[in-house]
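Residue-level listing of the chains:
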Amino acid sequence: MFYPTAETRARVGLILPSGNRLAEGQFTALLPPGVALHTTRLRLRGSSEAELLQMAEKVEDAVSLLCDAGVDMILFHCTAVSTFSPVLEREVLERMRNSCNVPVTATSKALVKALQVVGARRIVMLSPYIEAINTREAAYLKAVGFEVLILKGLDLDDSSAMAAVTPEQWKEFGLANRHPDADAYLISCTTVRATEIAGELETLLGKPVITSNTAAIWHCLRTLRFPDAPSGAGRLFSFPQ
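## Observations regarding the pattern of salt bridges
Phase 1: Scanning the entire structure with this criterion turns up ten salt bridges.
Phase 2: For E60, the salt bridge is made with R95, and the minimal N-O distance between the two is 2.7 Å. Placement of E60 in helix α3 (residues 59-68) and of R95 in helix α5 (residues 86-97) is noted, with a sequence separation of 35 residues between them.
Phase 3: Using a relative accessible area of 23% as the deciding quantity, one classes R95 as partly exposed.
Phase 4: Here E200 makes a salt bridge to K171, at a shortest N to O gap of 2.8 Å. Of this pair, E200 sits in helix α10 (residues 198-205) while K171 sits in helix α9 (residues 167-176), and the two are 29 residues apart along the sequence.

Okay, structure coming up:
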C-alpha cells in the first residue's frame, strides 16, 4: 500500500563515509515533516590517515550526484575528515562549491557553529576514535578558538565497532568525564549512537551536549531557515543559527 508523505519543503544532500550505518536514521528521526534526505557515499571504513584523505579525493563526484537530485544544500558529513585540518576543510568546501550551485557545508562547520551558539569556549571532547584522529580534531578545535579540557577516545578504528557502542555506554562515558569548568560536552563522530541520549545527558551534566549528528541536523535546518526543535535532542535546537 502507498502512503503519501508530507509535501517536500526542502531537500538536504548528505555525503557520508561508506561505512556509516547510523547517521541517516538519526537525521530521519529529527528532520521535520517535508524535509527530505538524499544520501550518497564515499569510500571510508577505517581510520588511517591515508583512508581519511582518500575519502576527500572524489568529493566532486558525490556533490554532482546530489546536485542531480535537486537538493537545496549539501553537507559533507564526516567529522574526522572535515576536522583533519583547516586547510583540508577549506579545500573540500571550495571544491564542493565549484561542483554545484547550492549552499555547502561540513560537519566541522556545524560543530563550530553549534558550540559557539551555546556559548561554549571550554569543552570536553569524547569520541570513539584512535589517538591520532582525536589529536587532529583537538588541534582543529583549538585553531578555531576552543579549549579542550578533556580529550578521551575509545580507540576504535572501524565504523562497525564505533556503531556497536550503545547509547547507555555513551552516557556512562560522558558522566565519567565530567569537568567542573566545561561549558559544553562534544561527542564526536557521525556513526555513533549518542544522539539518542544527548538530552538526557545534558540534564545529568547540567551543560549542553552536542553530537556530530545533532550539530549537523541543527545546522542544516537553520541554514534552510527552519526553526524546528525536535524533542530530546538537546538545548542546541532552541537556538537560531
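## A few points about the sheet that holds strand β2 (residues 35-42)
Neighbouring strands of a sheet are bound in pairs by backbone hydrogen bonds; such pairs are parallel or else antiparallel.
Phase 1: Ordered by their spatial adjacency, four strands build an open sheet running β2-β1-β3-β4, and the pairing between neighbours is parallel. Looking along the sheet, the strands with just one partner apiece sit at the ends: β2 and β4 (104-106). Each adjacent strand pair in this sheet contributes to an overall mean axis angle of 20°, direction not counted.

## Some details on a negative patch on the surface
Phase 1: A contiguous patch of negative charge on the surface is contributed by E51, E131, D155 and D157.
Phase 2: Within the fold, D155 resides in the loop between β6 (147-153) and α8 (159-164).
Phase 3: The exposed category is assigned to D155, whose relative accessible area is 56%.

## A few points about the packing of aromatic side chains
Phase 1: In this structure the tally under the stated criterion is one aromatic pair.
Phase 2: Taking the centre distance of 5.9 Å and the plane angle of 55° together, the rings of W170 and F173 count as tilted. On the criterion of helical spacing, the pair formed by W170 and F173 is a turn pair, its members being three residues apart in helix α9. The two residues W170 and F173 agree in class, both being buried.

## Side note on the pairing of strand β7 (residues 184-187)
Phase 1: Along β7, one buried face is formed by A184 and L186 and the opposite face, lined by Y185 and I187, is buried too.
Phase 2: Bridge analysis of strand β5 (residues 122-127) against β7 gives four bridges, and the strand direction is parallel. What sits directly across from L126, in β7, is I187.
Phase 3: The pairing of β7 with strand β8 (residues 209-211) spans three bridges and is parallel. Bridging from a neighbouring strand, I187 pairs with T211 of β8.
Phase 4: Once the chain exits β7 it traverses α10 before rejoining the sheet at β8, and the crossover so formed is right-handed.

Here is what the cut-offs are and how they apply
Residues numbered from 1 in each chain as written. Predicted model: local features only at pLDDT ≥ 70, side-chain atom pairs only at ≥ 80, totals over all residues. Heavy atoms only, no water. Salt bridge = Lys/Arg side-chain N within 4 Å of Asp/Glu carboxyl O. Helix = DSSP H or I, 4+ residues; strand = E, 2+ residues; numbered from the N terminus. Buried < 20%, exposed > 50% of the residue type's maximum accessible area, 1.4 Å probe, protein only. Pairing = 2+ DSSP bridges. Axes fitted to C-alpha atoms, helices over the stretch in contact; angles between N-to-C directions. Patch = residues over 30% accessible without salt bridge, like charges linked within 9 Å, V, L, I, M, F, W, Y side chains within 5 Å. Areas by Shrake-Rupley, 256 points an atom, 1.4 Å probe, with all protein chains shown as cover. Lys, Arg positive; Asp, Glu negative; His and termini not counted. Charge placed at Lys NZ, Arg CZ, Asp CG, Glu CD. Phe/Tyr/Trp six-rings, centres within 6.5 Å; stacked < 30°, edge-to-face > 60°. Right-handed = clockwise from strand over helix to strand, strands pointing away.

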